[in-house]
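Next come the chains, spelled out residue by residue.
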Amino acid sequence: MSGDMGSGFTVVDVETSGLSAGVDRVLSIAAIQLDERGRQAQEFYTLLDPGCDPGPVHIHGLTRQKLHGSPRFEHIHRHLSSMLTGRVMVAHNARFDYDFLAGEFRRAGAVLPVRQRLCTLALARRVALPTPDYRLGTLAAHYRVTQRDAHNALDDTRVLVGVLSGLISDADRLGIVPPLLSCPPRGANRQGWRDGPKMPCPYENPGRFTEGGALVQGMKVAITGDTRCERTELVARAEAAGLDVTGNVSRLTSVLVANDLAVPSTKAIKARDFATPILTEARFLQLLDHVQPGIRKDAAAQPKPPTPKPEPAAPRPEPSGPLSGRRILVLGGSHDESAEIRKRITELGGSAAVNLSAGVTDILLLPGSETDPRRDQAATLGLPTCGPELLATPGTAGTEEPISPLVFETATPAQVLAHGQVTDLPIAARGGKWTLRTSWLQTTTAEVDLVAFLVDDNHKVTADEDFLFYNQPETPGARLTLDGPTEQSLDLDLEALPTHCRRIVLAAALHGETLTFAHLGPIELEADPGPESGPYARATLDAATEERTLVLAEIYLRQNNWRLRAIGQGYPTDLATLARHYGVDIAD
């Protein structure tokens, strides 16, 4: 295996009692060490006693009887740590395995020693393999790796070793750099006052704190100014007690913690405007030892109204246009020139690629492409090249069949959406579960923040939890995930969204005051019915030169159907300004 992978890979797989890393436990784990050349160095496998119900036995086959007498995680974590330290952790849907292992190490009083991870699911998408989906079994069949016992951690890990070898080989041929992700992922807590991303508070907000009263679980707490206790420790203690620590002050804030009100701050000014109660840190810590129980949201929730029966979804349109079925990568040109070319490709029924992959059928060259290394890579692959004449006379120019040995048609090509176009998202596809995935140029060093707003009929958020960003990535029915250095996603369960949510707005913002989307280039948006599925719909979105925020897409309800609209509308303002447009007040 090539590339700078440090001391090599450790391929892992876990079987778990459920899907929530914060609640469920690891039942079995397998790990295989590989050296820099991909040769197996060490193998480890064990069942684990989780101390809880094993969950979906029909999937993993691990009953209480099978797990009885197995070691607990704290008994094996040192050996597992020795296999992971200084190596790249590889897994299929690596976020899942990483989150569960991080939780188990934390319960054992240790830290997961993984500084980089590689997701083979993300790599398979980047290569754009000619498979109907990216499940491990499908990839194993593609690379002719024998799979004997699916959902057995040891067999899945052995299979993944073979799949990894095939993926790395294909990536090398395409000049694709494996999407190594630093761990913990960048931007989990850019504000620096929480040890990890904010998770939704499970308790209803009981309202404001009253003088002489007690703190109650679910109260919204903001903190401003210097604190004697470490801010991360103060936040952790408050959230462990069931309080909802937020980064701003609004009319819903229950109490502000401040030691010195003589020092002006945005939060203190807002607290005065809203008549928000203010406590000193010392008083807050006293009350923190006696927090009263609150009402859990699941207990307080009113029964949902019956789910309306979806209208018959519009038939998926057949690809049409002279460039239908072709995926074209534009190299060279200025930002505005290449953006206009990509727009025209879409109008003619083609798909404009952002990165070189096995799905690219043509290379369109503009002045300046001579310095792009992908041009030589495409020539090595035998991909046909053309100029702008492809768009002027699409019926005759550059219509030769692609000759790359890596290019194949998948069973169901993605529907290509131009700016403003709409498609239905069939609920039956996966019970309402969809993934909106964004990616951009692999060579960029720009930091991008994917954000989402869950808005009501007035296009406004109704609670803090309805704004998802790097420090609050999850709310019921929606979760932001980081899949690689240049790939982020929004996972949706449309049937689990709050009842007031009528529209989800997905946007991207650049971190840094001097960067614009001219530096970043185009963003590719794909809608998948699940993380391991191939794309159902795709759009390539460009902003103009001065924009710093970009509204990518909306998912909205119309006539009982959820629909996806590709937007691509950019703004020269920052994320805080965009958030205020949707009713979110971000404080410094």
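Below or above, wherever it landed, is the structure these notes cover. (Residues numbered from 1 in each chain as written. Predicted model: local features only at pLDDT ≥ 70, side-chain atom pairs only at ≥ 80, totals over all residues. Heavy atoms only, no water.)

### Focus on the overall build of the chain
Next up, step 1: Check the secondary structure of the chain and you find 16 helices and 27 strands.
Next up, step 2: Across the 588 residues that make up the chain, the buried fraction comes to 53%.
Next up, step 3: A separation threshold of at least 6 residues defines the contact pool for the chain, and within that pool the share at least 24 residues apart is 70%.
Next up, step 4: About 26000 Å² of surface is accessible on the chain, with carbon and sulfur atoms providing 51% of the total. (Helix = DSSP H or I, 4+ residues; strand = E, 2+ residues; numbered from the N terminus. Buried < 20%, exposed > 50% of the residue type's maximum accessible area, 1.4 Å probe, protein only. Contact = heavy atoms within 4.5 Å. Areas by Shrake-Rupley, 256 points an atom, 1.4 Å probe, with all protein chains shown as cover.)

### Things to note about the sheet that holds strand S8 (residues 244-246)
Next up, step 1: If you trace the four strands from one edge of the open sheet to the other, you get S8-S7-S9-S10, paired in parallel fashion. Here the strands that pair on one side only, and so sit at the sheet edges, are S8 and strand S10 (278-279).
Next up, step 2: Relative to S10, strand S9 (residues 255-258) runs parallel, the two sharing two bridges. The residue bridging Leu256 from the neighbouring strand is Ile278, located in S10. (Pairing = 2+ DSSP bridges.)

### Points about unusual backbone geometry
Next up, step 1: Going from Cys183 to Pro184, the amide bond is cis rather than trans, its omega being -10 degrees.
Next up, step 2: For Pro184, the location among the structural elements is in the loop between strand S6 (180-182) and strand S7 (220-224).
Next up, step 3: Even without glycine at this site, Asn93 takes up a positive phi of about 65 degrees.
Next up, step 4: In this structure, His151 is a non-glycine residue whose phi angle is positive, near 70 degrees.
Next up, step 5: One can find His151 in the loop between helix H6 (136-142) and helix H7 (153-174).

### Considerations on the pattern of salt bridges
Next up, step 1: Counting across every chain of the model gives 27 salt bridges.
Next up, step 2: Across the salt bridge formed by Glu74 and Arg72, the nearest N and O atoms sit 3.4 Å from each other.
Next up, step 3: Taking the shortest distance from any N to any O, the salt bridge between Glu554 and Arg503 comes out at 2.7 Å. Here Arg503 lies in strand S23 (residues 503-510) and Glu554 lies in strand S26 (residues 549-558), a separation of 51 residues in the sequence.
Next up, step 4: Owing to a relative accessible area of 11%, Glu554 belongs among the buried residues under this scheme.
Next up, step 5: Overlapping salt bridges, with partners in common, bring together Arg95, Asp99, Arg479 and Asp491 in one network. (Salt bridge = Lys/Arg side-chain N within 4 Å of Asp/Glu carboxyl O.)

### Quick word on the environment of Val235
Next up, step 1: With respect to the secondary-structure elements, Val235 resides in helix H8 (residues 231-240).
Next up, step 2: For Val235, a relative accessible area of 1% gives the class buried.
Next up, step 3: In the structure, Val235 is positioned 13 residues away from Ala222 in sequence and 9.5 Å away in space, judged by C-alpha atoms.

### Digging into helix H3 (residues 73-84)
Next up, step 1: Buried residues of H3: Phe73, Ile76, His77, Leu80, Ser81, Met83 and Leu84, and no others. Down the axis of H3, the buried side of the element spans an arc of 160 degrees, and every buried residue falls inside it. Away from the buried face of H3 by more than 90 degrees, exposed residues His75 and Arg78 are located.
Next up, step 2: Tucked into the core, H3 has its buried residues touching strand S1 (9-16), strand S2 (26-34), strand S3 (40-47), strand S4 (88-91) and helix H4 (94-107). (Arc of directions from axis to C-beta.)

### Remarks on the packing of H8 against helix H10 (residues 281-288)
Helices that pack against each other are described as a pair by the angle of their axes relative to one another and the distance between those axes.
Next up, step 1: Between H8 and H10, the least distance of the axes is 11 Å, while the angle of their chain directions is 35 degrees. When you trace H8 past H10, the crossing you get is left-handed. Seen from H8, the contacting residues are Leu234, Arg237 and Ala238; seen from H10, they are Phe284, Leu285 and Leu288.
Next up, step 2: Among the residues making up the contact of H8 with H10, the classes are represented as five nonpolar, no polar and one charged. (Axes fitted to C-alpha atoms, helices over the stretch in contact; angles between N-to-C directions. Left-handed = near helix turned anticlockwise from the far one by under 90°. Nonpolar A, V, L, I, M, F, W, Y, C, P; charged D, E, K, R; others polar.)

### What to know about the packing of aromatic side chains
Next up, step 1: Evaluated as defined, the whole model comprises seven aromatic pairs.
Next up, step 2: Aromatic side chains Phe453 and Phe467 sit 5.0 Å apart centroid to centroid with 10 degrees between the ring planes, which places their arrangement in the stacked category. With Phe453 in strand S18 (residues 448-455) and Phe467 in strand S19 (residues 467-468), this pair connects stretches of sequence that are 14 residues apart. Of the two residues, Phe453 and Phe467, neither departs from the other in class, the shared state being buried.
Next up, step 3: With 4.7 Å between their ring centres and 25 degrees between their planes, Phe453 and Tyr582 make a pair best called stacked. One end of the pair, Phe453, is in strand S18; the other, Tyr582, is in the segment after helix H16 (575-581), with 129 residues separating them in the sequence.
Next up, step 4: One aromatic cluster is present, built from ring pairs that chain together Phe453, Phe467, Phe469, Tyr470 and Tyr582. (Phe/Tyr/Trp six-rings, centres within 6.5 Å; stacked < 30°, edge-to-face > 60°.)

### Some details on helix H12 (residues 335-347)
Next up, step 1: Between its first and last C-alpha atoms H12 spans 18 Å; for 13 residues at 1.5 Å apiece the expected length is 18 Å, and the two agree.
Next up, step 2: Buried within H12 are the following residues: His335, Ser338, Ala339, Ile341, Arg342, Ile345 and Thr346. Each buried residue of H12 sits inside an arc of 160 degrees when the element is viewed along its axis, so together they form one side.
Next up, step 3: Two residues or fewer past H12, Gly349 is found with a positive phi of approximately 95 degrees. (Expected span 1.5 Å × (residues − 1).)

### Let's talk about the sheet that holds strand S22 (residues 487-493)
Next up, step 1: The mixed open sheet is built from seven strands, whose spatial order is S15-S25-S24-S17-S22-S21-S20. In the strand order of this sheet, the two ends are held by strand S15 (415-416) and strand S20 (474-475), each with one partner.
Next up, step 2: As paired elements, S20 and strand S21 (residues 478-484) share two bridges and run antiparallel to each other. Bridging across to S21, Glu474 finds its partner in Arg479.
Next up, step 3: Those strands touched by helix H5 (residues 120-127) are strand S17 (433-439), S21 and S22, and its axis lies near 110 degrees from that of S22.

Geometric values such as these leave the question of function open.
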